[in-house]
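# An overview of the molecular structure
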Amino acid sequence: MTSGRRRATGGGGPGLRDLRGSLLVQASPDDAAQIAPWADRPGGGLVLTGRDGLAAARELLASGVRCPVLVDAARYMQVRTHRRSQLSESWIDWQRSAGLPVALTDSGYVGQGDGDGLCSVLTQAAAFGPGVVAVLPLHASWLVDDIDRLCAEVAAAEIPVALVVEHNADPLGHLPMVDGLLRLLMLGVPVMLLRADVSAVGVLCFGGHAVAVGLRESMRRGPTRRPRQDRPGVLVPQLLRFVESQRLAGPGAAALWHCDCEVCADPDLARSGRHGLGDE
């Protein structure tokens, strides 16, 4: 439940500054221990997904992990925001008490044209005070048809935001959505991108505060009520994209898909079936 605290604009703080320019890995709590060594390096970090992620985050920090660890409640997967939807102040307080660099709101999904829902999330997030990032799980149209209003509301709120964009594939593969995102980045408000694909690395080049690339396919898609089954894939650095494992085993694949990096330790990706963070 939201409180009657006076609105505090800016939402900045040392934790937010420490996240600037970070390339995070978004993963489930079950994957946290396995992926932590890869994320625990300069410029890295983790976004653990689901409310169980808070306990996993505490364990990682207690074990000595030094990289930024955030927790995305992913409430938007089940709940749709409306003007009377309330964000959980307890959820914010739990993240603060765990020592996380910033607290992410447990926002519901903001549907097409739902300006009241958008304003509700931003207003409540601002009322929580410094160190809070408003998670905006948005219908894709917000970055295209409603980009003027999105920019206006985010600029007026003056708090950091983290976008989760609904799309069947990679939203940054759609040029109008890229244009909309660039307009948002020009506001001067810290903008993060969660549940993204590898293409989100480019967002950092244009002023994005931080991006989180999903470890598995289900973590690289925005809010949806349709269940998704993860299809095994590997990360191919030369292409800056994930490729389904089944494509590595097709005719002539051995000549096309190979890697001799220290992670694979096997030049035949089809045989090794893994590649760093792309091991699904």
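### Considering the overall build of the protein
- Counting its secondary structure elements, the protein contains 10 helices and 10 strands.
- By residue count, 53% of the 280 residues in the protein fall in the buried class.
- Restricting the contact set of the protein to residue pairs at least 6 apart, pairs at least 24 apart contribute 65%.
- Working note: accessible area of the protein is about 12800 Å², and carbon and sulfur atoms make up 53% of it.

### Details of the pattern of salt bridges
- A full pass over the atoms with the stated rule returns 6 salt bridges.
- Across the pair Arg216 and Asp31 runs a salt bridge whose closest N-O atoms are separated by 2.9 Å. You can see Arg216 sitting in the loop between β8 (210-214) and β9 (233-236) and its partner Asp31 sitting in the loop between β1 (22-27) and α2 (32-39), a full 185 residues away along the chain.
- The closest approach of N and O atoms between Arg183 and Asp148, which form a salt bridge, is 2.7 Å. Highlighted residues: Arg183 in helix α7 (residues 175-185) and Asp148 in helix α6 (residues 147-157), separated in sequence by 35 residues.

### What to know about the side chain of Ser141
- Following the sequence through the fold, Ser141 ends up in the loop between β5 (132-138) and α6.
- What makes Ser141 buried here is its relative accessible area of 7%.
- Engagement of the side chain of Ser141 in a polar contact is seen with the side chain of His139, the distance being 2.9 Å.
- Not counting residues up to four positions away in its chain, the partners in contact with Ser141 are Gln112 and Asp146.

### Re unusual backbone geometry
- We note that Glu158 has phi near 55°; this positive angle belongs to a residue other than glycine.
- Here Glu158 lies in the loop between α6 and β6 (161-165).

### Overview of the sheet that holds strand β4 (residues 103-104)
- The 8 strands are arranged β3-β2-β1-β8-β7-β6-β5-β4 in an open sheet whose pairing can be described as parallel. Of all strands in the sheet, those with a lone pairing partner are β3 (69-72) and β4, marking the two edges.
- Bridge count for β6 against strand β7 (residues 191-196) is 3 bridges, and the pairing is parallel. Paired with Ala162 across the bridge in β7 is Met192.

### What to know about the nonpolar core
- Counting 38 residues, the largest nonpolar core has Leu122, Leu136, Leu150, Leu163 and Leu193 as the members making the most contacts within it.
- Counting residues per element, the ones that place at least two in this core are α5 (115-127), β5, α6, β6, α7 and β7.
- Once residues lying within four places of it in the same chain are set aside, the contact partners of Leu193 are Leu163, Val165, Leu172, Ala200, Val203, Ala210, Val211 and Ala212.
- Judged by nonpolar contacts, the second largest core, of 21 residues, contains Ala27, Ile35, Leu46 and Ala56.

### Examining the packing of aromatic side chains
- Evaluated as defined, the whole model comprises 0 aromatic pairs.
- Positioned above the aromatic ring of Trp91, the side-chain terminus of Arg51 is 4.7 Å from the ring centre.

### Some thoughts on the packing of α6 against α7
- Between α6 and α7, whose axes approach to 10 Å, the crossing angle comes to 20°. Between α6 and α7, the angle is such that the two are roughly parallel. Crossing of α6 against α7: the hand is right-handed. Taking contact as the criterion, the partners of Ile147, Asp148, Leu150, Cys151 and Val154 in α6 are, on α7, Gly180, Arg183 and Leu184.
- Its residues assigned to classes, the contact of α6 with α7 shows 5 nonpolar, 1 polar and 2 charged.

Conventions we followed
In this numbering scheme, every chain counts its residues from 1 along its sequence in written order. Whole-chain, interface and lining totals are the exception, using all residues; otherwise, since this is a predicted model, local features are given only for residues with pLDDT of at least 70 and side-chain atom pairs are given and counted only at 80 or more. To obtain the side-chain values, all non-hydrogen atoms of the structure were used and water was disregarded. Labels follow the DSSP assignment, with helices taken as runs of H or I lasting at least four residues and strands as runs of E lasting at least two, numbered in each case from the N terminus. Burial classification: accessible surface area is computed with a 1.4 Å probe over protein chains only, and a residue below 20% of its type maximum counts as buried, one above 50% as exposed, and the rest as partly exposed. Here, two residues are considered to be in contact whenever any of their heavy atoms come within 4.5 Å of each other. For the area figures, the Shrake-Rupley method with a 1.4 Å probe applies, and any residue is considered shielded solely by the protein chains shown. Salt bridges, as used here, are contacts in which a Lys or Arg side-chain nitrogen is within 4 Å of a carboxyl oxygen on Asp or Glu. Distance and chemistry together define a polar contact, namely a pair of N or O atoms within 3.5 Å, with one atom able to donate a hydrogen and the other to accept it when in protein, and with adjacent residues in sequence counting only for side-chain atoms on both sides. Whether two strands pair comes down to DSSP finding at least two bridges between them. Only buried residues count toward a nonpolar core, which is a set of Ala, Val, Leu, Ile, Met, Phe, Trp, Tyr and Cys residues joined through side-chain atoms within 4.5 Å. Each pair of aromatic rings taken from Phe, Tyr and Trp, with Trp reduced to its six-membered ring, is defined by centres within 6.5 Å and is described as stacked if the planes are under 30 degrees apart, edge-to-face if over 60, and tilted in the remaining cases. Ring-over charges, as used throughout, are those where CZ of Arg or NZ of Lys falls within 6 Å of the ring centre and within 35 degrees of the ring normal. Axis lines are fitted through C-alpha atoms, for helices just across the contact stretch, and the angle between N-to-C directions can take any value from 0 to 180 degrees. Every angle not falling under 35 degrees, over 145, or within 65 to 115 is termed oblique; those three ranges are roughly parallel, roughly antiparallel and roughly perpendicular. Put simply, a crossing is left-handed when the front helix is turned counterclockwise from the back one by less than a right angle, and right-handed when it is turned clockwise. Under the scheme applied here, ten amino acids are nonpolar (Ala, Val, Leu, Ile, Met, Phe, Trp, Tyr, Cys and Pro), four are charged (Asp, Glu, Lys and Arg), and all others, including Gly, are polar.

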